[in-house]
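Architecture and fold: a report
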Amino acid sequence: MQQPYLKKIWWEIVISIIIFSILPLFVLGFFIYHQFSVSYSGKITDSLKTLAENRQGALDLFFEERVAQLTTLAGTQNLEKLKDEGYLNKVFNILQARSRSYMDLGVIDQDGAHLAYVGPYYNILKGVNYKNEDWFDGVMASGIYISDVFLGFRKVPHFIIAVLAREGSKVWILRATIDSDIIEKIVQAAQVGRSGDAFLVNRANILQTSPRFSGKLLEKPKAPDYSWTIGTNVEEVYFEGQNFLFGTAVLKNKRWVLVIKEDPAEQLSPLLHARDIAATIGFGGVVLIILGAVFTTRAMMRELQAMERKRAASEDMAVQSSKMAALGKMAAGIAHEINNPLAVIGEKAGWMKDLLKKEDLSVSKNFQEFADSVNRIEFHVNRAKKITHRLLSFGRRLEPVTEKVDVNLTLDEAIDFLENEARYRSIDIQTDFAEDLPVIQSDSGQLQQVFLNILNNAIDAIVKNGQIIIKTYFISKSNRVAIEIADYGPGIPKEVLDKIFDPFFTTKDVGRGTGLGLSISYSIIEKLGGRIMVASEVGQGTTFTIYLPAA
Ligand code: ADP
């Protein structure tokens with residue numbers, strides 16, 4: 001695209017196509033993704049909340065069951081019976097049969113004395129007085145006490161549940177040690193995915209269960225402090241260089257907080273995957289749109305350029321031919337005016353020649369001078385006649401005509417025009433004309449213009465010292481006359497060869513070439529029903545071949 005304005009139009013079209021097709025794509029994609037991600041994130045938050053509530057319910061149920069069992073036991077059995085360790089052992093076995101989580105069972109009086117005990121630490125615990133223990137005060141005050149988790153002698157995590165029983169004015173305590181294993185299992189069920197975690201913390205933010213990744217039992221968790229949180233919550237928190245979703249729920253029976261931790265990236269991975277696929281498809285679409293825009297507009301611009309070129313060519317041809325027509329008329333007028341005096345001069349010179357023969361002037365001492373002068377007058381009158389004749393025919397040629405044309409003769413006339421120029425540049429014009437070339441129906445004036453254009457180009461290409469060979473022959477098979485004009489000039493490079501018939505294409509200096517010669521010649525030959533071809537080899541020369549219909 002040479003013309004800058006075409007380039008500008010091209011850019012404008014391409015950019016507007018791209019903007020108007022890509023922008024809605026982006027807006028739509030962004031909107032869909034946003035909506036989708038909001039609802040998807042909402043779903044994740046909801047499901048985390050449900051999970052937290054569900055686990056909290058299971059834990060509370062577990063505590064309620066244990067507490068209910070112990071309070072039922074304490075409320076239905078009297079102290080006298082339970083003080084009997086044989087009986088207590090029987091009761092313990094029944095409890096154990098229902099649930100393996102009971103580790104031991106003890107009966108304590110209101111002064112903290114251990115009245116009866118069943119369990120693995122009989123020797124250590126039997127004589128112990130609990131009066132000064134925290135839990136003792138707790139159960140005395142509120143009737144039910146659930147302890148935090150501790151490891152104890154066997155280093156197995158467990159906790160105690162103690163319930164207060166009243167018998168008249170007396171109170172006593174039923175105390176059981178519960179293995180943490182079941183609450184561990186309930187909490188573990190919330191450790192979802194590859195990186196999900198779940199744990200329980202007490203009021204002091206100490207872990208009551210073993211998390212997967214977030215710390216060790218009975219230590220502080222590697223998580224924000226949720227020990228004082230209220231109700232059930234889900235929040236996204238930036239913690240230790242990463243975003244996490246934390247779901248929390250507070251147990252009803254014990255002031256413990258269940259914390260569930262999830263990696264949103266993992267939870268969102270189906271959404272992110274869908275986003276990546278959509279982005280890839282979108283990117284592919286954008287590339288296709290850009291390529292489509294570029295290619296279609298390129299093709300469009302090429303069409304536009306070709307049309308523009310044709311329009312310019314026909315405009316120029318019209319201007320050129322009207323100029324030539326005016327020039328032709330003028331030339332014909334002048335030639336006509338000069339023809340009359342020339343005819344008179346010629347006639348008079350002939351008369352003088354006759355007189356020189358008749359009169360006895362041969363004796364005159366200037367006879368030879370007279371005779372030479374008359375001959376010279378006749379010669380130059382003839383020359384002048386030839387010129388006026390040519391001018392007249394030039395004027396006539398401009399109107400498109402169909403006449404009988406002797407191609408060889410037309411070529412001779414063209415050569416005549418250029419002979420001086422060729423001689424001056426030491427260029428030898430050789431002809432090899434077929435004698436039997438048929439006379440064709442064509443327009444000799446226009447043909448001559450074509451021959452002159454091609455010969456002029458050949459002379460220009462050779463510059464100095466060279467040869468031009470003009471050949472004509474008849475091709476009977478296709479009934480055509482062929483004219484070959486070959487020069488031994490520098491030849492035409494491949495990349496130039498494609499353009500030489502384009503209007504305004506010239507490699508000549510400004511003022512020397514118009515770039516119209518060959519394009520006009522091309523259209524003339526086409527109009528005359530013929531074809532024009534070129535063959536060229538750099539360093540060897542160029543041959544133009546014109547084929548014209550013979551009939
Ligand atoms: P112009 O002669 O005004 O440049 P033309 O249309 O006649 O315009 O020719 C176009 C171009 O074709 C020339 O500028 C020249 O580069 C090339 N050309 C034509 N004929 C020949 C030739 N015989 N040898 C080398 N180049 C040629």
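Below or above, wherever it landed, is the structure these notes cover. Computed from a predicted structure; not experimentally measured. (Residues numbered from 1 in each chain as written. Predicted model: local features only at pLDDT ≥ 70, side-chain atom pairs only at ≥ 80, totals over all residues. Heavy atoms only, no water.)

**Brief notes about the sheet that holds strand β15 (residues 531-537)**
Here is the rule we go by: A pair of strands is treated as paired once DSSP finds two or more bridges between them. In DSSP terms, a helix is any run of H or I states spanning at least four residues, a strand is any run of E spanning at least two, and both are numbered starting from the N terminus. Only the contacting stretch of a helix is used when fitting its axis, a line to C-alpha atoms as for every element, and angles between N-to-C directions run 0 to 180 degrees. Residues are treated as being in contact if the distance between any of their heavy atoms lies within 4.5 Å.
Read across the sheet, five strands follow the order β11-β13-β14-β16-β15 without closing on themselves; strand pairing throughout is mixed. Looking at strand neighbours, the two that pair on one side only are β11 (427-432) and β15, the edges of this open sheet. Taking each pair of neighbouring strands and ignoring which way they run, the sheet shows an average axis angle of 15 degrees. The strands that helix α11 (residues 444-462) touches are β11, β13 (466-475), β14 (480-487), β15 and β16 (541-549); relative to β13, the one it contacts most, it runs at about 145 degrees. Taken strand by strand, helix α13 (residues 517-527) contacts β15 and β16, and its axis lies near 25 degrees from that of β16.

**Side note on helix α5 (residues 134-142)**
Put simply, the rule is: Whether a residue is buried, partly exposed or exposed follows from its accessible area with a 1.4 Å probe, protein chains only, as a fraction of its type maximum: under 20%, in between, or over 50%, in that order. Comment: arc refers to directions from the helix axis out to C-beta atoms.
Among all positions in α5, only Trp135, Phe136, Gly138 and Val139 are buried. The buried residues of α5 occupy an angular sector of 160 degrees when the element is viewed end-on, so they sit on one face. Across from the buried face of α5, at angles greater than 90 degrees, the exposed residues are Asp134 and Ala141. Those residues of α5 that are buried are in contact with β1 (102-109), β3 (144-146), β4 (158-167) and β5 (170-179). One or two steps after α5, the chain reaches Gly143, where phi turns positive at roughly 90 degrees.

**A few points about the site of the ligand**
Just so we agree on the cut-off: Near is defined per residue: the residue qualifies when any heavy atom it owns lies within 4 Å of the molecule or strand. For the purposes of these results, a polar contact is taken to be a pair of N or O atoms within 3.5 Å, where, inside protein, one atom must be able to donate a hydrogen and its partner to accept one; residues adjacent in sequence count only when each atom of the pair is a side-chain atom. Throughout, the Shrake-Rupley method with a 1.4 Å probe supplies accessible areas, and for residues the shown protein chains are the sole cover considered.
In the region of the ligand, 18 residues are neighbours, and Thr506, Thr507, Lys508, Thr514 and Gly515 sit closest. Contact between the ligand and Thr506: an oxygen atom at 2.5 Å from a side-chain N or O atom of the residue. At 2.6 Å from an oxygen atom of the ligand is found a side-chain nitrogen or oxygen belonging to Lys508. For the ligand, whose unbound accessible area comes to 540 Å², protein coverage reaches 93%. For the shell around the ligand, the secondary structure elements donating two or more residues are α11, α13 and β16.

**Points about the packing of α11 against α13**
Our working rule: Crossing handedness follows the turn of the near helix against the far one: under a right angle anticlockwise gives a left-handed crossing, and clockwise gives a right-handed one. Lys, Arg, Asp and Glu make up the charged group, whereas Ala, Val, Leu, Ile, Met, Phe, Trp, Tyr, Cys and Pro make up the nonpolar group; the residues left over, Gly among them, are polar.
Remark: α11 packs on α13, axes separated minimally by 9 Å, with the N-to-C direction vectors making an angle of 145 degrees. For the pair α11 and α13, the sense of crossing is left-handed. Contact residues: Gln446, Leu447, Gln449, Val450, Asn453, Ile454 and Asn457 in α11; Gly517, Leu518, Ile520, Ser521, Ile524 and Ile525 in α13. Tallied by class, the residues present in the contact of α11 with α13 amount to seven nonpolar, six polar and no charged.

**Digging into the sheet that holds β5**
The strand order β2-β1-β5-β4-β3 describes an open sheet built from five strands, whose pairing is antiparallel. Two strands close off the open sheet at either side, each with one partner strand: β2 (114-118) and β3. Strand-to-strand twist in this sheet, taken as the mean axis angle between neighbours without regard to direction, amounts to 15 degrees. As defined by bridge partners, β1 adjoins β5 across seven bridges and the pair is classed as antiparallel. Bridged to Leu105 within β5 is Ala176. Of the strands in this sheet, β1, β3, β4 and β5 are in contact with helix α1 (residues 4-76), which crosses β4 at around 35 degrees.

**Some points on the pattern of salt bridges**
How we decide: Salt bridge, as used here, is a side-chain nitrogen of Lys or Arg placed within 4 Å of a carboxyl oxygen of Asp or Glu.
One pass over the full model with this rule turns up 14 salt bridges. Across the pair Glu65 and Arg66 runs a salt bridge whose closest N-O atoms are separated by 3.1 Å. Glu65 sits in the partly exposed class, given a relative accessible area of 39%. A salt bridge links Arg275 to Asp276, with the nearest nitrogen and oxygen atoms 3.6 Å apart. Taking relative accessible area as the criterion, Arg275 reaches 35% and is therefore assigned partly exposed. Since its relative accessible area comes to 41%, Asp276 is described here as partly exposed. If you follow the salt bridges from partner to partner, you end up with Glu421, Arg425, Asp460 and Lys508 in one network.

**A short note on the packing of aromatic side chains**
The condition is simple: Any Phe, Tyr or Trp ring, taking Trp's six-membered ring, that has another such ring centre within 6.5 Å forms a pair; planes under 30 degrees apart are called stacked, those over 60 apart edge-to-face, and the others tilted.
Inspection of every chain in the model, using the stated rule, returns 14 aromatic pairs. Their ring planes at 40 degrees and their centres at 6.3 Å tell us that Tyr117 and Tyr122 sit as a pair that is tilted. Since its relative accessible area comes to 31%, Tyr122 is described here as partly exposed. Ring centres of Tyr226 and Phe246 lie 5.5 Å apart, and the angle between their planes is 45 degrees; on these two criteria the pair is classed as tilted.

**Focus on unusual backbone geometry**
Trans peptide bonds make up the majority, and among non-glycine residues the majority have a negative phi. Positive phi is not limited to glycine here, since Asn205 has a value of about 60 degrees. Positionally, Asn205 belongs in the loop between β6 (197-201) and β7 (233-239). A relative accessible area of 6% means that Asn205 is categorised as buried. Non-glycine residue Asn479 carries a positive phi angle of around 55 degrees. Relative to the helices and strands, Asn479 resides in the loop between β13 and β14.

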